[in-house]
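# Structural characterization, general
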Amino acid sequence: GPHVAAFEQKFSLFTGSAHALATTSCSTALHAAPSALGIGPGDEVIVPAFTWVATAHAAEHLGARAVFVDVDPDTFNLDPAQLHSAVTDRTRAVVPVHLFGLAADMAAVSAFARRHDLFVVEDAACGFGTTYRGSHVGTLGDAGCFSFHPRKAITTGEGGMITTNELALAERIDSLRNHGAGGSGFGDFPNLGFNFRMTDLQGALGSAQMDRADDILSGRRAAAARYDALLSSVDWLQLPSSPTHSEHSYQSYVTRFLGGDADALRLLRDGIMANLDAQGIATRQGTHAVPTLGYYSGKYGYVAGDFPGAHLAESASLALPLFPTISESQQARVVDALLRAHSTLHRPLVYATA
């Protein structure tokens, strides 16, 4: 409908992509984009070991294998140095994730992909407003996939978007999201497609929010800067990385506990989360070390030691409350509660695990 079309046009202009195609979710975007690139049974797709499960699920649903590489726990993003050990003659694509709003090292990922003739599908679920060397993420590979889940900066309740600069790929994605239809959708069906179409009601919501996008992002960045200032002297907590070549969008403000091994830090982190929850302050771990979750550990036999960076990131990460209109007093309350909880809990837990 017209509201979806307006949303797509605004999103395309905002990101600088030639084409933007709305979908029902980022999960379906991650399914449709590699499908349109011809990825299927017998292929392998490289994904980070620390991400949301949908990144890997998309490859598995297509009959391909998700091949994991470890992450840098300082950035939470894919470690490019690990890529060479994951590529085989079956590898068809790599899926860098711009986790929590920080761009992955796209220069290294793109160079690797060119050397091995691989597709690059950016998982930009958290990447709305994120730039890398002046370009918006989602425009740096063959396709980019965005999320409009309620936790994201722009939300349509559920929803997603695929960006690409390639006309032929955009046309194939357009067909696949609409049952594989050709042309207007009332004639031939040349492709085996899906019903991944965004409703016009969602499109209207997304289109309206695009008009406020700059204010939404500036609010999130201002809140992140306040956390940075409030936590600058805390030596047991690593704050979100923000390298000069990337503009962080702060879809989440994810910190990492320092000063111990992963298992000890998990005990400390979980204790602090419970303490904050009792005070009405909602937190969560960053995301998951996907290879050790039930489906992947059961199918491939992965254990935590196979991906130490992801295991540490999962065990020691803590996302603090952040939204565009969070007040200074609310942030001060969060930080005060965090510091008090750490002061109360860290000594007994370190002693108990010694």
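### Points about helix α10 (residues 308–316)
- The buried fraction of α10 amounts to eight of the nine residues, a majority that puts the element mostly inside the structure.
- For α10, every residue scored as buried is listed here: Gly309, Ala310, His311, Leu312, Ala313, Glu314, Ser315 and Ala316.
- Buried residues along α10 sit in contact with β3 (50–51), β13 (253–257), α8 (262–278), β14 (288–289) and β15 (317–320).

### Some words on the packing of aromatic side chains
- Following the criterion strictly, the structure yields 19 aromatic pairs and no others.
- Judged by centre distance (5.1 Å) and plane angle (50°), the ring pair of Phe7 and Phe148 falls under tilted. Highlighted residues: Phe7 in helix α1 (residues 2–15) and Phe148 in the loop between β9 (143–147) and β10 (160–164), separated in sequence by 141 residues. Across the pair, Phe148 and Phe7 agree in class, each one buried.

### A short note on the confidence of the model for the protein
- Across the protein, the average pLDDT comes to 96, with 97% of residues at or above 70.
- For the stretch residues 348–354, pLDDT sits under 50, and the model shows four contacts to residues farther than four places along the chain or on other chains.

### Notes on the packing of helix α2 (residues 26–36) against helix α5 (residues 167–176)
- For the pair α2 and α5, the least separation of the axes is 9 Å and the interaxial angle reads 125°. Taken together, the axes of α2 and α5 lie oblique to each other. Crossing angle aside, the handedness with which α2 passes α5 is right-handed. For the pair α2 and α5, contact is made by Ala32, Ala33, Ser35 and Ala36 and by Leu169, Arg172, Ile173 and Leu176, respectively.

### Quick notes on the sheet that holds β10
- Across the sheet, which stays open at both edges, the seven strands sit in the order β1-β10-β9-β6-β5-β2-β4 with mixed pairing between neighbours. Looking at strand neighbours, the two that pair on one side only are β1 (19–23) and β4 (65–69), the edges of this open sheet. This sheet shows a mean twist of 25° between the axes of neighbouring strands, independent of strand direction.
- One ladder, built from four bridges, connects β9 with β10; its direction is antiparallel. Bridge pairing in β10 links Phe146 to Met161.

### Re the sheet that holds strand β12 (residues 246–247)
- Read from one edge of the open sheet, three strands run β8-β7-β12, paired in antiparallel fashion. Strands with a single pairing partner mark the edges of an open sheet, and in this sheet they are β8 (135–136) and β12.
- Here two bridges tie strand β7 (residues 131–132) to β8, and the two strands are oriented antiparallel to one another. Each bridged residue has a counterpart across the sheet, and for Thr131 the counterpart in β8 is His136.

### So, α5
- Turning to α5, its buried residues are Leu169, Ala170, Ile173, Ser175 and Leu176.
- Buried positions along α5 lie against β1, α2, β9 and β10.

### Quick look at unusual backbone geometry
- Although it is not a glycine, Phe100 adopts a positive phi angle of roughly 65°.
- In this fold, Phe100 is placed in the loop between β5 (91–94) and α4 (106–116).

Here is what the cut-offs are and how they apply
Residues numbered from 1 in each chain as written. Predicted model: local features only at pLDDT ≥ 70, side-chain atom pairs only at ≥ 80, totals over all residues. Heavy atoms only, no water. Buried < 20%, exposed > 50% of the residue type's maximum accessible area, 1.4 Å probe, protein only. Helix = DSSP H or I, 4+ residues; strand = E, 2+ residues; numbered from the N terminus. Contact = heavy atoms within 4.5 Å. Phe/Tyr/Trp six-rings, centres within 6.5 Å; stacked < 30°, edge-to-face > 60°. pLDDT = per-residue confidence, 0-100. Axes fitted to C-alpha atoms, helices over the stretch in contact; angles between N-to-C directions. Parallel < 35°, antiparallel > 145°, perpendicular 65-115°, else oblique. Left-handed = near helix turned anticlockwise from the far one by under 90°. Pairing = 2+ DSSP bridges.

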